[in-house]
Amino acid sequence: MSLGEPLSFREATIADLKSIMNVENASFTVPWTEAAFRNEFIINQYAYYILATYNDEVVGYAGIWLVLDEGHVTNIAIHPDYQGNHYGEALLRKMIRIAKERGVIRITLEVRVSNDVAQGLYKKLGFQDGAIRKNYYPDTKEDALVMWVDL
């Protein structure tokens, strides 16, 4: 299977909340709450989310805050049943293209210092190491590595 095939992408809406929560809850030990995502769709004017679908099933999603010419990736997840197929890479590449089309010139994100797989993907797509946010993750008090890429 080639990269991203047969994935398709579309903008997420609040109607997709159940599907997003399914991926979120399966992917993270401390998932965002449904209320947090609801706020992203209803209140946060900067939030933009896309879905990755496979045979019409939501298998992943990514969120970014688009503020002027900067983007901040809030979350990206592929359901564990679909990991290992380069879907995360395809999803992040799509998000970067969308951000670029909307005038973003730099994207940043945080990642667990222990998450070598994600860091490898981000580096593959040009992200560079930045600062460390101490005790960033509430479940383990693990540090976050801040990464960024100029588009």
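Residues numbered from 1 in each chain as written. Predicted model: local features only at pLDDT ≥ 70, side-chain atom pairs only at ≥ 80, totals over all residues. Heavy atoms only, no water.

## Quick look at the nonpolar core
Keep this limit in mind: Buried Ala, Val, Leu, Ile, Met, Phe, Trp, Tyr and Cys residues that are joined via side-chain atoms within 4.5 Å together make up what is termed a nonpolar core. Only protein chains enter the calculation, and the probe is 1.4 Å; a residue is then buried if its accessible area is under 20% of its type maximum, exposed if over 50%, and partly exposed in between. Every helix listed is a DSSP run of H or I at least four residues long, and every strand listed is a run of E at least two residues long, numbered separately from the N terminus. Any two residues having at least one pair of non-hydrogen atoms within 4.5 Å are treated as being in contact.
Formed by 32 residues in total, the largest nonpolar core has its most connected members in Ile-64, Leu-92, Ile-107, Tyr-122 and Phe-127. Only β2 (47-54), β3 (57-67), β4 (70-78), α3 (87-101), β5 (106-112), α4 (116-124) and β7 (144-150) provide two or more residues apiece to this core. The element best represented in this core is α3, accounting for eight residues. Excluding residues within four positions of it along the chain, Phe-127 makes contact with Leu-92, Ile-96, Ile-107, Leu-109, Tyr-122, Met-147, Trp-148 and Val-149.

## Some words on the packing of α3 against α4
The following threshold applies: Angular values range over 0 to 180 degrees, each being the angle between N-to-C directions of two axes fitted as lines to C-alpha atoms, with helices fitted over their stretch in contact. Here roughly perpendicular refers to angles of 65 to 115 degrees, roughly parallel to angles under 35, roughly antiparallel to angles over 145, and oblique to all remaining angles. Throughout, a crossing is termed right-handed when the near helix is turned clockwise from the far one, and left-handed when it is turned anticlockwise from it by less than a right angle. Classification used: nonpolar for Ala, Val, Leu, Ile, Met, Phe, Trp, Tyr, Cys and Pro, charged for Asp, Glu, Lys and Arg, polar for all others including Gly.
Where α3 meets α4, the closest approach of the two axes is 11 Å, and the angle between their N-to-C directions is 45 degrees. The angle between α3 and α4 falls in the class oblique. For the crossing formed where α3 meets α4, the hand is right-handed. Across from Gly-88, Glu-89, Leu-92 and Arg-93 in α3, the residues of α4 making contact are Leu-121, Tyr-122 and Lys-124. Along the lines of polarity and charge, the residues of the contact of α3 with α4 split into three nonpolar, one polar and three charged.

## What about the UniProt feature "domain: N-acetyltransferase" (unreviewed entry) in the chain?
Keep this limit in mind: UniProt positions are given in the numbering used here, feature names are shortened, and annotations may be inferred rather than shown by experiment.
Taking the UniProt record as the reference, the feature "domain: N-acetyltransferase" (unreviewed entry) is found at residues 7-151. From the first C-alpha to the last, residues 7-151 spans 24 Å; its make-up is 30% helix and 37% strand.

## So, the pattern of salt bridges
As a reminder of what qualifies: What counts as a salt bridge is simple: a side-chain nitrogen of Lys or Arg found within 4 Å of a carboxyl oxygen of Asp or Glu.
Tallying each qualifying case throughout the model produces ten salt bridges. Asp-16 is the partner of Arg-10 in a salt bridge, and the nearest nitrogen-oxygen pair spans 2.7 Å. Classification of Arg-10 as partly exposed rests on a relative accessible area of 40%. Since its relative accessible area comes to 8%, Asp-16 is described here as buried. For Asp-139, the salt bridge is made with Arg-112, and the minimal N-O distance between the two is 2.9 Å. Remark: Arg-112 occurs in strand β5 and Asp-139 occurs in the loop between β6 (128-133) and β7; sequence separation between them is 27 residues.

## Here's the deal with the packing of aromatic side chains
Quick reminder of the rule: Two aromatic rings, drawn from Phe, Tyr or Trp (for Trp, its six-membered ring), form a pair once their centres lie within 6.5 Å of each other, and the interplanar angle then sorts them: stacked below 30 degrees, edge-to-face above 60, tilted otherwise. By definition here, charges over rings are those cases where NZ of Lys or CZ of Arg is within 6 Å of the ring centre and within 35 degrees of the ring normal.
Overall, the coordinates contain nine aromatic pairs when judged by the stated rule. Connected via pairs of aromatic rings, a cluster forms that spans Trp-32, Phe-37, Phe-41, Tyr-49 and Tyr-61. One Lys or Arg, Arg-106, reaches over the ring of Trp-148 and ends 4.3 Å from the middle of that ring.

## Thoughts on the layout of surface pockets
To keep things clear, this is the line we draw: Buriedness for pockets is judged along seven lines, at least five of which must meet protein on both sides within 12 Å for an open set on the 1 Å grid over protein atoms alone, while cavities are sets there where a 1.4 Å probe fits but cannot get out, and lining residues have an atom within 4 Å of a point. Grid points are joined across faces, edges and corners, and a volume is the space filled by probe spheres set on the points.
Put simply, the largest pocket is a space of about 1,200 Å³. What lines the largest pocket is a set of 35 residues, and nearest its centre among them are Phe-28, Ile-76, Asn-115, Ala-118 and Tyr-122. Going through the elements one at a time, α1 (17-27), β4, α3, β5 and α4 are the ones with two or more residues in the lining of the largest pocket. By residue number, the principal contributor to the lining of the largest pocket is β4, which donates seven residues. The class makeup of the residues in the lining of the largest pocket is 19 nonpolar, eleven polar and five charged.

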